[in-house]
Amino acid sequence: MSIITIGIIVGVLIYALVLFVLSKRGAAKTQGKTSEFFVAGRSVSPIVLLATMCLTLWSAASFYGYPSASYRMGIGYFAYSTGMFFMGALAPCILYPMWLLGKKYDYLSPVHLLTHRYGSRTLSLLCAFVFLAGSVPYIATQFIGIANSARVTSNGQIGFYAVVVVMTIFTFGHIIGGGNNSVVTADALAGVIGLSIVFTLTVTMAKQILPDGSLAAGTQLLQQTRPEALVHSGVLEYGFQNLGVSLSACIGTVVWPQVLIRAFMGRDPRVFKLQAVGLPLIMVTVFSCILYEGVFLGNIAFPGLSPAESENLLPMLVLNYMPPLFSVLVVMGSLAFGLSTCDSIAVSSSAIIHIDVMESTSEKTDKKKLYISLALFMAAVLLCVIFRPVFLITYVYSFCSPGWTQVGPAVLGGMFWKRGTKEGAFVSTFCGMAAVCYVLFINNPIPTMNPILWGLTFSIPLYIIVSLITKPDEKRAHEVVDFLHDCLSVRNNTTYKVLWIITIVVYFWDIYGIIHIGDASSVVFGWMPLQWALHILTAFIMATVGYFFCQNRFGPMSGVPEINFTKPY
């Protein structure tokens, strides 16, 4: 047994011990209460909620698969993460209203808002199916990424399915007692571990792989050998394709089930202030590091890899250029990122099964139903792992996020449009999801058109049209839409509208404008491709816009009504 294998096993055992301690603390705090298990008692602090939000958006697919995908597609692949920068607008303007509703009406699951707003059992089951259908492969990709990382890094001494079994035990055992109370504490730890590993790997590998350890020399080498990697190239040189992949991380970020349930977990509005400013800056930093590993270090160290070979790019870089300790860090990084996503989605999925499918309304968690729901969910995940896809992150963004996004019109329309109806929400979600599945698994008439765009082409118009020709439930619309209007209408002033105009302009500039600026010879700071630098500028702009959105949403203002959170629906 090699020193790397021993190091991995020791690292995993230490991580397991830490998880056990955190799980026991989470279980003690939860004490069998349903609201504590699913939404952590709505008492999560701003810093901890920022950490758990980041960790559920990152994943093993990001840590392990993002370098491989960016190796193949160049810096244009950054469009897959730029959508997250717009949390500067989405956190105070979308997630905060969700928090207001969740606090007033005691929402406990990602589907709860839809159940309340539309009062349709059929719609609730459909949305539950959509969320679960995406959650199963999403967790499966995390298992696959971690297992591949351990197998390749240990040169096959650690078996793929042995890691899958360990991950199943970790995920199930970690959340069974404490639910999201255990998750948020573990995510804070995983965030520190994951960020430290990303920075350490990127900096140390750059010193080893770059010619003379020079950033400028590395860029010059790529300008000579693979200039297309330094600009938006291939399918990503077209704004339409960038729009699709960016929406997967932008609109989808609001309605991903593990994110949506986090909108109900915050202690107070300060959580959204921190997210609006902090998330764009943290996301651009982390994904810039991971992008550099794939585009620069990967192409310099291993030029001309086939797509299948490039799938294991990160461990290949570490095994060939770094001491054994860093190979252990790759596995631990995959574990930290992957488990944080697995446990988040597992809790949100168990909430869907427990509350929306089984219709359990007890204030005490029904442990038998909870165990059944988690067991069924994990069994589906393991089946998906057996028939695993080739490209991890591509699979996630092609199916899971586009599928979840089709619930978006029903969610956002239900929150802000009184005319929205249950019929419109059902037809919209069903047809949008059907369109995504058809173009992804059967035939895409326009191969460069992302499945998310095909789905939204049907779901948005159908939600509007069907709602206009059917009768809304005025009582439920009043409880949701009028409540938000009373809370927020005074703040929907000129400043708010100008900020949204700026956000929209920046979004389309990032998607359509940047890809036409400069070429492979255009660099800033002597080494950074210009188009990449402009994407980074987008993140800083949106962090600034997020600050002013928060001043508008949460700052002092006369005439704002007192919010009553005591009346249940």
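For the structure itself, consult the block above.
Quick caveat, the model's predicted, so the values are computed rather than measured.

> Would you mind going over the overall build of the chain with me for this structure?
The helix and strand inventory of the chain stands at 25 helices and two strands. With respect to the principal axes defined by its C-alpha atoms, the chain has extents near 70 × 50 × 50 Å. In the chain, buried positions account for 62% of the 569 residues. Surface summary for the chain: the accessible area is close to 20500 Å², and the carbon and sulfur share equals 67%. When the 32 basic and 24 acidic side-chain charges of the chain are each reduced to a single mean position, those positions are 8 Å apart.

> Please explain unusual backbone geometry as it appears in this structure.
Despite not being glycine, Ala40 has its phi angle at roughly 50°, a positive value. At Asp106, a residue that is not glycine, the phi angle is positive and equals roughly 60°. Looking at where Asp106 falls in the secondary structure, it is placed in the loop between α6 (87-105) and α7 (112-118). The class of Asp106 is partly exposed, set by a relative accessible area of 39%.

> I'm lost on the side chain of Ser135 in this one. Help?
Along the chain, Ser135 turns up in helix α8 (residues 121-153). By relative accessible area, which is 0% here, Ser135 ends up buried. Those residues within four positions of Ser135 in sequence are excluded, and the remaining contacts are Pro257, Ile345, Ser349, Phe377 and Trp404.

> Could you clarify how one ought to interpret α8 in this entry?
The α-helix advances 3.6 residues per turn, and as a result positions three or four apart in sequence lie on the same side. With 33 residues, α8 should cover 48 Å at 1.5 Å per step; its first-to-last C-alpha distance of 48 Å lies within 8% of that length. Within α8, 28 of the 33 residues are buried, leaving the element largely enclosed by the surrounding structure. Asn155, located one to two residues past α8, shows a positive phi value of around 55°.

> Just checking my understanding: could you explain the environment of Gly294 for this structure?
Within the secondary structure, Gly294 sits in helix α14 (residues 270-301). Gly294 gets classed as buried once you look at its relative accessible area, which sits at 0%. Separated by 253 residues in sequence, Gly294 and Gly41 have C-alpha atoms that sit 40 Å apart. Once you skip the residues sitting within four places of it in the chain, Gly294 turns out to touch Pro67, Ser70, Tyr71, Asn299 and Leu313.

> Teacher, can you tell me more about the nonpolar core here?
Generally speaking, nonpolar side chains in soluble globular proteins are found buried as a group. Residues Met98, Phe377 and Trp532 are the most contacted members of the largest nonpolar core, which totals 189 residues. Aside from chain neighbours lying at most four places away, what touches Phe377 is Leu132, Ser135, Val136, Ile139, Ile345, Ala346, Ser349 and Ile353.

> It is not clear to me how helix α20 (residues 408-416) should be interpreted in this structure. Could you clarify?
Summarising burial for α20: seven of the nine residues are buried, a large majority. Listed as buried for α20 are Gly408, Pro409, Ala410, Val411, Gly413, Gly414 and Met415.

> I tried to follow the packing of helix α1 (residues 3-30) against helix α10 (residues 180-209) on my own but got confused; where do I start?
The geometry of a pair of packed helices is captured by two quantities: the angle between their axes and the separation between those axes. Packing of α1 against α10 brings their axes to within 7 Å, and their N-to-C directions diverge by 145°. Regarding α1 and α10, the two cross each other, and that crossing is right-handed. Residues Tyr15, Val18, Leu19, Leu22, Ser23, Gly26, Ala27, Lys29 and Thr30 of α1 lie in contact with α10, whose contacting residues are Asn181, Ser182, Thr185, Ala186, Leu189, Ala190 and Ile193. Considered class by class, the residues forming the contact of α1 with α10 number nine nonpolar, six polar and one charged.

The rules behind these values
Residues numbered from 1 in each chain as written. Predicted model: local features only at pLDDT ≥ 70, side-chain atom pairs only at ≥ 80, totals over all residues. Heavy atoms only, no water. Helix = DSSP H or I, 4+ residues; strand = E, 2+ residues; numbered from the N terminus. Buried < 20%, exposed > 50% of the residue type's maximum accessible area, 1.4 Å probe, protein only. Areas by Shrake-Rupley, 256 points an atom, 1.4 Å probe, with all protein chains shown as cover. Lys, Arg positive; Asp, Glu negative; His and termini not counted. Charge placed at Lys NZ, Arg CZ, Asp CG, Glu CD. Contact = heavy atoms within 4.5 Å. Expected span 1.5 Å × (residues − 1). Core = buried A, V, L, I, M, F, W, Y, C linked by side-chain atoms within 4.5 Å. Axes fitted to C-alpha atoms, helices over the stretch in contact; angles between N-to-C directions. Left-handed = near helix turned anticlockwise from the far one by under 90°. Nonpolar A, V, L, I, M, F, W, Y, C, P; charged D, E, K, R; others polar.

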